[in-house]
Amino acid sequence: MRVPKVVILMENSRAWERGLIAGIANYSHLHGPWNFLKKPAFFMPGRNTAFYKEIIHFNPDGIIMRELPETEKIISLGKPIVISPVNVRNFKGVANIVEDCQATGRMAAEHLLSKGLKNFAYCGIDDMFWSKYRCDGFVKRIKEEGFPVFVYKQPKEKKNRIFENELSFLTKWLCGLPVPAGLMCCI
């Protein structure tokens, strides 16, 4: 029996991606076996040219990946690819898996509204589309109930966005919220 070979190009330090990897492993367990080639992001192509050659030598039947700076190079290999874009774009010729981020924000709002809260806040990352869309869904749903929402705005200067520097801005914002408050964090 021929065992399909699958490359997984995604980080495993975040819960969301660990969940994806667990789902892939579970699917392989039920419908496999599959032979995997998996490396964490710091071994990705461009950061390690040898790894790109390793992908070519592995000659995978398919690739499952998150968007990387080298995504176009990986797509050019001509292998079937399932990709989860990090930015607001879809890649042509491959399967794109995207989340309904506004629905995620609405679900969080519903949960906090069900707790009887009257004060709400959202803290996210200004430059990430998924964070903006989650904020949009959250704010819209809360405002439908007539409540205000306090939205954290990151410092404009990039040097102040380094966590150690931004911590004081974030702390000041959190301390200024009315209590009790329902807080959605999207970081």
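Scanning the protein from N- to C-terminus turns up six helices and eight strands. Starting at the N terminus and ending at the C terminus, the protein contains elements arranged as β-α-β-α-β-α-β-β-α-β-α-β-α-β. Relative to the globule expectation of 16 Å for 187 residues, the C-alpha radius of gyration of the protein, 20 Å, shows a markedly less compact shape. Considering only C-alpha atoms, the protein reaches an extent of 60 × 40 × 25 Å along its principal axes. For the protein, the share of sequence-separated contacts (at least 6 apart) that also reach a separation of at least 24 residues comes to 57%. Of the side chains in the protein, 27 bear a positive and 18 a negative charge, and the two mean positions are spaced by 2 Å.

With that out of the way, let us pick up the side chain of Thr71. Along the chain, Thr71 turns up in helix α3 (residues 71-75). On the accessibility criterion, Thr71 (1% relative accessible area) is buried. If we skip the residues at most four places from it in the chain, Thr71 touches Met65, Arg66, Ile83 and Phe91.

What counts, and where the lines are drawn
Residues numbered from 1 in each chain as written. Predicted model: local features only at pLDDT ≥ 70, side-chain atom pairs only at ≥ 80, totals over all residues. Heavy atoms only, no water. Helix = DSSP H or I, 4+ residues; strand = E, 2+ residues; numbered from the N terminus. Rg over C-alpha atoms; globule rule 2.2 N^0.38 Å. Contact = heavy atoms within 4.5 Å. Lys, Arg positive; Asp, Glu negative; His and termini not counted. Charge placed at Lys NZ, Arg CZ, Asp CG, Glu CD. Buried < 20%, exposed > 50% of the residue type's maximum accessible area, 1.4 Å probe, protein only.

Remember, this is a structural readout, not a statement about activity or role.
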